[in-house]
Amino acid sequence: MAELAAVEDDLRVYDRFEQSLSDLTVLNDLAREEDDQDTAAEVAAGLQGLSRELAELETRVLLSGEHDARDAVVTVHAGAGGTDSQDWAQMLERMILRWAERHGFKADLHDEQEGEEAGVRSATMTIHGTRAYGLLTSERGVHRLVRISPFDAQSRRHTAFGSIDVVPVMDDTETEVAIADEDLRVDVYRSSGPGGQGVNTTDSAVRLTHLPTGIVVACQNERSQLQNKATAMALLRSKLAELEREKRAAELAAVRGEQREVAWGSQVRSYVLHPYQMVKDHRTGYETGNTTSVLDGDIDDLMMSFLQWRARREAVAAQGAEA
């Protein structure tokens, strides 16, 4: 039923676009026949709206992968750069949250490990929204920041790194991942973030470590230990399911003789705040000088350029496989 609803929604968008195009065509013919400038202006305004509808259709076509329509689990980690990297990780966390807010998506912050002096060492959140996972795949990888460090008394330029990981939310009934009790280490501790009465005074936070893979997930935003553990288990299953999918993709790429892109450890985007201002995606070549807007969550153009770039690569790979 969910798949049917998604297809019907796509058809509604297409039908609306087709009707708008037909109406504007008739209106344009009328404006030309009668040389009506007011009607011509109405056609010009309608074309702007049609352009937005076309962009939405293109996004839907580009996000047709198996899990693209799902919610997303996003994890931000501080990398090399000391306090600057932890501050940068918090800036990346805010960027994702502001993007979600711009789109009217709900964001649940499950765990946030504060930095020693500032920022965060890591943060895990779930973004609930149509095609959240497909859109946020553009953010997966290592992000590099260059700026004058606010933590340097001599005001020198510093480089900091942070990483973003994104996996689709998977239901228990959809995953074939079996987690044996002996493969799981469960740690409980006192929540450090804001919460209601009892949240910060009991050992309600839960951290799960999957011993065979080393994957660690934590949740501390729920009111009880049981709720936190249930949420953490759901996060772990989603991460393990994505790990299995990546393994299968790597095996297929090896059979085809392809070079698989490695997200972790490869710089996907740079944010330069000094001596000039620029955000550049190294995969697509897209760049913008409006760094303030990007860091405030205005990353749709970066996302679209990535989706178009990925579609071109997949088309080339498909042609190679057929050959």
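We now turn to the structure provided with this report. This is a predicted model, so every value here is computed, not measured. (Residues numbered from 1 in each chain as written. Predicted model: local features only at pLDDT ≥ 70, side-chain atom pairs only at ≥ 80, totals over all residues. Heavy atoms only, no water.)

### So, the nonpolar core
By size, the foremost hydrophobic cluster in this structure holds 36 residues, and its most contacted members are Val74, Trp99, Ile127, Leu136 and Tyr271. The biggest single contributor to this core is helix H3 (residues 82-102), with 8 residues. Every residue in contact with Tyr271, bar those within four places of it in the chain, is listed here: Trp88, Leu92, Met95, Glu139, His143, Arg144, Leu145, Val146, Met278, Val279, Val294 and Leu295. Of all hydrophobic cores here, the second largest spans 14 residues; its members include Val206, Ile215, Ala232 and Leu235. (Core = buried A, V, L, I, M, F, W, Y, C linked by side-chain atoms within 4.5 Å. Buried < 20%, exposed > 50% of the residue type's maximum accessible area, 1.4 Å probe, protein only. Helix = DSSP H or I, 4+ residues; strand = E, 2+ residues; numbered from the N terminus. Contact = heavy atoms within 4.5 Å.)

### Examining the sheet that holds strand S8 (residues 215-219)
Here we have 3 strands laid out as an open sheet, ordered S6-S7-S8, and antiparallel in their pairing. Both outer strands of the open sheet, strand S6 (184-189) and S8, are each paired with one neighbouring strand and no more. Direction aside, neighbouring strands of the sheet carry axes that sit 15° apart on average. The pairing of S6 with strand S7 (residues 205-210) spans 6 bridges and is antiparallel. Bridged to Tyr189 within S7 is Ala205. (Pairing = 2+ DSSP bridges. Axes fitted to C-alpha atoms, helices over the stretch in contact; angles between N-to-C directions.)

### Things to note about the packing of aromatic side chains
Taken as a whole and assessed by the stated rule, the structure comprises 3 aromatic pairs. For the ring pair Trp99 and Phe105, a centre distance of 5.5 Å and an interplane angle of 80° mean the geometry is edge-to-face. Each member of the pair, Trp99 as well as Phe105, is classed as buried. With a centroid separation of 5.7 Å and an interplanar angle of 40°, the aromatic rings of Phe306 and Trp309 are classed as tilted. In this pair, Phe306 and Trp309 are both assigned in helix H7 (residues 300-322), 3 residues apart and thus about one turn of the helix distant. Residue Phe306 is classed as buried on the basis of its relative accessible area, which comes to 6%. Since its relative accessible area comes to 14%, Trp309 is described here as buried. (Phe/Tyr/Trp six-rings, centres within 6.5 Å; stacked < 30°, edge-to-face > 60°.)

### Considerations on unusual backbone geometry
Put simply, His274 and Pro275 share a cis peptide bond, and its omega is 10°. Mapped onto the elements of the fold, Pro275 is located in the loop between strand S9 (267-272) and strand S10 (278-281). Not every positive phi belongs to a glycine, and Arg131 is a case in point at roughly 65°. The topology assignment puts Arg131 in the loop between strand S3 (120-128) and helix H4 (132-136). Judged by its relative accessible area of 11%, Arg131 falls in the buried class. We note that Ser155 has phi near 55°; this positive angle belongs to a residue other than glycine. Mapped onto the secondary structure, Ser155 falls in the loop between strand S4 (141-148) and strand S5 (157-168). Residue classification places Ser155 among the partly exposed positions, given a relative accessible area of 47%.

### Some thoughts on the side chain of Arg147
Among the structural elements, Arg147 can be located in strand S4. Note on Arg147: relative accessible area 10%, which makes it buried. Looking at Arg147, its side chain comes within polar contact range of the side chain of Asp87, at 2.8 Å. Those residues in contact with Arg147 that lie beyond four places of it in its chain are Asp84, Asp87, Met91, Arg156, Arg157, His158, Leu273 and His274. (Polar contact = N/O pair within 3.5 Å; in protein donor to acceptor, adjacent residues only side chain to side chain.)

### Let's talk about the side chain of Thr209
Turning to its location among the elements, Thr209 is positioned in strand S7. Excluding its chain neighbours within four sequence positions, the residues that come into contact with Thr209 are Asp183, Leu184, Arg185, Ile215 and Val216.

### Side note on helix H2 (residues 37-62)
Over its 26 residues, H2 runs 37 Å from end to end, which matches the ideal 38 Å to within 8%, given 1.5 Å per residue. Of all the residues in H2, the buried ones are Thr39, Val43, Gly49, Leu50, Glu53, Leu57, Thr59, Arg60 and Leu62. Its side-chain oxygen placed 3.0 Å from the backbone nitrogen of Asp38, Asp36 serves as the N-cap of H2. (Expected span 1.5 Å × (residues − 1).)

### Thoughts on the pattern of salt bridges
On inspection of all chains with the given rule, the structure shows 17 salt bridges. The partner of Arg140 in a salt bridge is Glu242, with the nearest N and O atoms 3.5 Å apart. In this pair, Arg140 is assigned in the loop between H4 and S4 and Glu242 in helix H5 (residues 225-256), connecting sequence segments 102 residues apart. By the burial criterion, Arg140 is buried, and Glu242 matches it. Ionic pairing is found between Lys239 and Asp165, a salt bridge with its closest N-O pair at 3.6 Å. Of this pair, Lys239 sits in helix H5 while Asp165 sits in strand S5; the two residues are 74 residues apart in sequence, bridging distant segments of the chain. (Salt bridge = Lys/Arg side-chain N within 4 Å of Asp/Glu carboxyl O.)

### So, the sheet that holds strand S1 (residues 72-78)
Within a sheet, adjacent strands bond to each other through the backbone by hydrogen bonds, running parallel or antiparallel. One open sheet holds the 8 strands; their spatial order is S2-S3-S1-S5-S4-S9-S10-S11, and the pairing between them is mixed. Since the sheet does not close on itself, it has two edges, and those belong to strand S2 (106-114) and strand S11 (287-288), each with one partner. By the bridge criterion, 8 bridges tie S4 to S5 in an arrangement that is antiparallel. Pairing of Arg147 across the sheet is with His158, part of S5. Each of S1, S2, S3, S4, S5 and S9 touches H3; the most contacted strand, S3, lies at about 10° to it.

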